[in-house]
Amino acid sequence: MLREDKTMKKFTLAIMTLLLSIFILTPSVAEQPYYKNKTIKIVLPVGSGGAFSAYTLLLIPYIKKHIPGNPTIIMENRPGGGGFRAANYLYNIAPKDGTSIGMLLSGTTMAARLNTKGVRFDPTKFDYLGGGATIRGTITIRRDTGVTSLEDAKRTQVILGSSRPSSMTFYIPKAVNHYFGTRFKIVKGYKGMGPIDHAVERNEVQGRVTAWEGTKSTRRHWLTTNYVVHLATVGLTREPDLPKIPTIVELAPTTEAKQVLSFLSGNGTLGRMFLAPPNTNPKALKILRKALMDALNDPKYREQASLRHITVSPIDWRVLLRDVKRVMGTNQRTVDLTKNVLEK
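Residues numbered from 1 in each chain as written. Predicted model: local features only at pLDDT ≥ 70, side-chain atom pairs only at ≥ 80, totals over all residues. Heavy atoms only, no water.

### Things to note about empty space enclosed by the protein
Argument step 1. Within this structure, the stated rule accounts for three cavities of 30 Å³ or more.
Argument step 2. Together, 13 residues line the largest cavity, and Ser106, Ile135, Met168, Ser265 and Gly268 are the ones closest to its centre.
Argument step 3. For the lining of the largest cavity, the secondary structure elements donating two or more residues are α6 (168–180) and α11 (255–265).
Argument step 4. Considered class by class, the residues forming the lining of the largest cavity number five nonpolar, seven polar and one charged. (1 Å grid on protein atoms, 1.4 Å probe; cavity = no way out; pocket = protein on both sides within 12 Å on 5 of 7 lines; lining within 4 Å. Points joined across faces, edges and corners; volume = space filled by probe spheres on them. Helix = DSSP H or I, 4+ residues; strand = E, 2+ residues; numbered from the N terminus. Nonpolar A, V, L, I, M, F, W, Y, C, P; charged D, E, K, R; others polar.)

In structure tokens form, the structure reads like this:
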């Protein structure tokens, strides 16, 4: 009997040891990749067919590649409100579990500092993931207008397409008219850059102000056929691709003009930024930040981006947050001057 008890104890111990080893070596449900069987939605502030959509569609497979769990990634266009519709959604409605991320227009943070109507978000509270490049704009018009400089635009009216006042397509030509005396006529109401570019090609309008990245990637034929001319660059520094084209800040005729134009032009690092809603799940946030940087540095992505004339210069999320805080910290005098110019 005693021997049977000892044998049973040994048998029981062996079974427990076996079960314990199986438990340790077999991944539990909690250890499965966070994004397994999940879908990530990337919200864009513009309509389909423009540079934002083309840029995001190219990047999506590489973000997916670098996220453990191989999630599905989809893109959702939410145009409207000069980018505010997307920003308000991401800030107030989107889930905070890492399944909704997005991009904003470069001028959205500046519009928030100006307390523009429709802003229901605080840019400093988004969780930033990283950026793809520093974006500069250009004032680009059809060559057949005969206008080749801002000086020419003082004498000849040029019609520019725009979405709404909170967009670079509006506030840059508005400020340039004020400080330089140019005669840009701004036609608002277009639903994003795709429709504006089509209007340029129909000669419905004669040009627009937008990111140089968009022109060189989605309107390459404008450049190869000498269809357009660039009157000035919008940025704090010149566009490396266009070293002979001065910035509107360089050309500013007065100290006040330089202050206001610097404020309006100082959002370059924010033009290709990715972000998540405030207080996004920390585990998801860590995964997303790493995946974005890995995707941007992926040799195959860089090769494809180069073929499409897309600049790749990754920006850390901390740099984005710093620059957002810089814009939001702009002194009140400059803000008031800017409002005065744009509201005239």
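### Thoughts on the packing of helix α2 (residues 51–65) against helix α12 (residues 282–296)
Argument step 1. Two numbers describe how α2 lies on α12: the axes approach to 9 Å, and their chain directions differ by 110°. Relative to α12, the element α2 is oriented roughly perpendicular. Between α2 and α12 lies a crossing whose hand is right-handed. Facing α2, whose interface residues are Tyr55, Leu59, Tyr62 and Ile63, α12 presents Ala291, Leu292, Ala295 and Leu296.
Argument step 2. Here the contact of α2 with α12 is built from residues that sort into eight nonpolar, no polar and no charged. (Axes fitted to C-alpha atoms, helices over the stretch in contact; angles between N-to-C directions. Parallel < 35°, antiparallel > 145°, perpendicular 65-115°, else oblique. Left-handed = near helix turned anticlockwise from the far one by under 90°. Contact = heavy atoms within 4.5 Å.)

### Comments concerning helix α15 (residues 332–343)
Argument step 1. Its 12 residues give α15 an end-to-end C-alpha distance of 16 Å, which sits within 8% of 16 Å, the value for a rise of 1.5 Å per residue.
Argument step 2. Residues of α15 that are buried make contact with α4 (108–113), α6 and α11. (Expected span 1.5 Å × (residues − 1).)

### Let's talk about the layout of surface pockets
Argument step 1. Size it by volume and the largest pocket reaches roughly 640 Å³.
Argument step 2. For the largest pocket, the lining is made up of 41 residues, of which Val46, Leu105, Ser167, Gly192 and Met193 are closest to its centre.
Argument step 3. Elements that contribute at least two residues to the lining of the largest pocket include exactly α2, α6, α7 (193–201), β8 (207–211) and α8 (212–218).
Argument step 4. For the lining of the largest pocket, the element with the most residues is α7, which contributes four residues.

### A few points about the packing of aromatic side chains
Argument step 1. Counted according to the given criterion, the structure contains seven aromatic pairs.
Argument step 2. The interplanar angle of 80° and the centroid separation of 5.0 Å between the aromatic rings of Tyr34 and Tyr35 together place this pair among those described as edge-to-face.
Argument step 3. Residue classification places Tyr35 among the buried positions, given a relative accessible area of 0%.
Argument step 4. When the centroid spacing of 5.6 Å and the interplanar angle of 45° are considered together, the rings of Trp222 and Tyr227 count as tilted. (Phe/Tyr/Trp six-rings, centres within 6.5 Å; stacked < 30°, edge-to-face > 60°. Buried < 20%, exposed > 50% of the residue type's maximum accessible area, 1.4 Å probe, protein only.)

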